[in-house]
Amino acid sequence: MKSFLKTFRFSRKGWLFVLLLIVGIILLPLFSILIRAFDSDASTWELISEFYLSKYIWNSIGLVLGVSGMTILMAVVPAWLIANYNFFGRKFFRLALLLPIAFPTYIMAYTYTGIFDSTGTIQQLANILLGNDFANAIYFDFMTPFWLLLILSFCLYPYIYSACLVSFSNDSAQHLEASKILGANSISRFFKIGIPMAKPALFAGLFLVIMEVLNEYGAVQYFNFKTFTSGIFVAWENGDLTSAVRIATFLFATAIFFLFITQILIRKSKIEKTGKTPIVLEQLKKHHNVFAFLFCGLLFLFAFLIPFMQLLFWAIATYKEVVTFDFYLVTWNTFIISMVTAIIITLISFILLFAGNQLRNIGGKQLASLGILGYSIPGAIIAVGIIMPFAFIDNSLQTDWLLGSIFGLTIAYLIRFMAVSYNTLDGALKKQGSRLDEAALNLNTKPIVALFKIHFPVLRPALFIAIILVFVDVMKELPITLILRPMNYETLATEAYRYAQTNESAMQAAPASILLILLGTVPVILLHKLIKN
Amino acid sequence: MILEARNITKRFGQIIALSNLTFDMQKGETIAILGESGSGKTTLLRIICGLEEIDTGELSINHKVLNNNNTFLRPENRNIGLVFQDNALFPHLNVFNNIAFGVSRKMNRFEKVSSLMAITKLTGLEKRMPHELSGGQQQRVALARALATEPELLLLDEPFSTLDHSLKNEIRSEIKDIIKTSGVSCIIVTHHIDDATSMADRIAILKDGKLIQINTSKIIFDNPASEYVAKLFGTVNQLDGVFFRAKDLILGEGNRVAAVRESYFENGLFQTTLEYNNQVMRCVHSTFLPIETKIHFSIKKNLSFSVK
């Protein structure tokens, strides 16, 4: 037995088994959905398919397209300005424009509603300063799809901004200089050189934005905008799991469609970059300087500063009432589950990556990359997809280990966020190259020994970054937590969402929201450091 | 006169990149700017095309001021072509679109580009992407792109530095033909004497940001302004305070006797090192001379320098 285990542990078969096990767990909700979707027990499906399904489809696609367009507009211009020009506040904006990514969308949504609704900050200020008539005159209905689109764009544009900023900064100065000498003015350089060369990064960022929009639940629910995720929740809350699964199948098809489109766009726009002359920042003068400052300043103001200050104001007003023992307990719960999950996910993705590398000559890398598919699967699909196998296992073993347990919740997070840590580690491993492996083999070191003696210490900074990134994602996660959490188990995200759901207590969501945002800035600072380097 | 540079000075912080540079060039002329790394030659090129501004002095083209204390004409408005050291071809555009980049839509772009492609022997490669081209082809695309805007002045920045030796001679002669055919005035920046002598009508020698000498290669070779300039054009020996070229050291005649210290075969001749009164001299000789051989020598012609 001992010798079997030894052989098994170090053999290729052993790595293959590990690889298949991890990938199998990741793909579990998908298989489960495909099987359950054909179940005939769907009490509300007729109603959904007749009255709601087309709305879910068109609203979801409309939201994806709208947010995609808006985020590109918001992200590309400041990224271009910051990468190529020197203007007042440039260094500050380089980091500051990343900060809105720390804002969960549902928090941004209820904060802005609190600013603009009939009893909100704007109305109150207008009433006090300029009278009731003026306040009535400037009132408008905030709860419309346009404002939802804008709010989602505020939170999601940093995905494209960061990708484009890296791409623009890595361009060779010579291409821009060559275009200048060939007569291209600054606008034509942006459209003819900057944008085409940044397309792969732009589409990669756009892909993340699209996946986040499809995964979106809190803000759309708050605006009562009917998308796939809100449909899944309604069906699930009505106890009709099969209908929830069927909507999830449509959502998955839409996600795959957009995944396919963006991957084609990325592949088609890929270019072989040549030369690397560092970009020399051009000093903007007079009105150009003012324009750059205003563009970046207004974006930062609306996408971060105003909602953050409003939340801070609310938090100061309500903290005595909200920050009780229960609040500390929720914060502790959130910290523990996020940290433990982040460490587990990072270690498993490290093993997945290593197993994939060991088996690369028989397609191990490709198999391992299936393990990161979870990031393309919206949280609501993972949640409803995992309920059935969990229930089956629990029923078979007569236990309640999985469904409605912390363990089950952790597995769902693993499926969803494996890609975050896997990609971080993979990037670091690629930088390190295959020389270390080859050197270790040359010195008669076995792969398992190389894993712990070489890769683990070398990848320690990347492991640390991966843990932080997953930690923050888990902490902010909403749909999976709402569906799979144990009874009476709250996290900061569900607490903020619960308060925000009722207008009367929206202000009380502020302390949890502020905490989430502040913790969310940690990966932003890490990201900024990476971009700077 | 196509280009006039008057007292051009450029500083980067405390470092003086160019100091009081004055020269001019005639229409259709090719000038090579020769100097080692850090001599200021690339800075001069960047100033001419408008990628850097001068601190003092004046630069004009066809009597139109490009840059002085009051004026700075942006690079996109100068109509000067530049071929970058590594070509800087736009990686997202194919050969045709790279060449057509600067050609106005009002002009007949297709005919213009096609004719340039024919001149630069690129016909048939229109749809290739830059990374699908050889080094020589990339160079020709960069040249065609620069010529497509019909520039008043063409600048080449170390044009052959990325090519291997066998390709370099071929491309150099092709590019020289293209430049002469187009009739464009041209400045070539290089640190290779061979590139300068083979391509240029005149050579300007820069050192530490100063223009030391500008003239034809023959005149500079025969009458170098300084020891530095003389050494750029080949081995210079110094014996008892007298400078002379290796070719002017005649072996087998004269009163003085030197000892052979080294002799090896290179490029069809024997590179020979001699020692006389503890001073070392180098020359080339048609036959092998064994080490320690004593041989008579004389010096045919001395060099004298106007600049120390």
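Structure shown above.
Peer 1: Even after reading the chapter, I still don't get the pairing of strand E14 (residues 269-276) of chain B, so can you show me in this structure?
Peer 2: Successive side chains on a regular strand alternate, one facing one side of the sheet and the next facing the other. All names here are of chain B. Judged by how many residues are buried, E14 sits mostly within the fold: six of eight residues are covered. The pairing of strand E13 (residues 249-266) with E14 spans seven bridges and is antiparallel. When the bridges of E14 are listed, Glu-262 appears paired with Thr-273. Linkage of E13 to E14, two consecutive antiparallel strands, is achieved through a turn of two residues, within which Asn-267 is found at a positive phi near 50 degrees. Pairing of E14 with strand E15 (residues 279-285) involves seven bridges; the strand directions are antiparallel. From the neighbouring strand, Thr-272 faces E15, where its bridge partner is Cys-283. Between the end of E14 and the start of E15, which pair antiparallel, lie two residues, with Asn-277 showing a positive phi angle near 50 degrees.

Peer 1: Help me understand the interface of chain A and chain B in this model?
Peer 2: Interfaces are often sized by the accessible area lost when the parts come together. With 23 residues of chain A at the contact, the number on the chain B side is 22 residues. Carbon and sulfur atoms make up 65% of the area that chain A and chain B hide from each other, which totals about 2,000 Å². Three residues, Gln-174, Ile-181 and Leu-182 of chain A, lead the burial of chain A against chain B; their summed loss comes to 35% of the area buried on that side. Remark: the boundary between chain A and chain B carries three salt bridges. Residue Arg-189 of chain A pairs with Glu-76 of chain B through a salt bridge whose shortest N-O separation is 3.9 Å. If you look at where chain A meets chain B, you find five residue pairs in polar contact (both at pLDDT 80 or more). Breaking the side of chain A that touches chain B down by element, the ones donating at least two residues are helix H9 (173-181) and helix H10 (186-215) of chain A. For the side of chain A that touches chain B, the element with the highest residue contribution is H9 of chain A, accounting for seven residues. Grouping the constituent residues of the side of chain A that touches chain B by class yields eight nonpolar, seven polar and eight charged.

Thresholds, definitions, all that
Residues numbered from 1 in each chain as written. Chains lettered and ligands numbered in written order. Predicted model: local features only at pLDDT ≥ 70, side-chain atom pairs only at ≥ 80, totals over all residues. Heavy atoms only, no water. Buried < 20%, exposed > 50% of the residue type's maximum accessible area, 1.4 Å probe, protein only. Helix = DSSP H or I, 4+ residues; strand = E, 2+ residues; numbered from the N terminus. Pairing = 2+ DSSP bridges. Contact = heavy atoms within 4.5 Å. Buried area = accessible area lost by both parts, 1.4 Å probe. Salt bridge = Lys/Arg side-chain N within 4 Å of Asp/Glu carboxyl O. Polar contact = N/O pair within 3.5 Å; in protein donor to acceptor, adjacent residues only side chain to side chain. Nonpolar A, V, L, I, M, F, W, Y, C, P; charged D, E, K, R; others polar.

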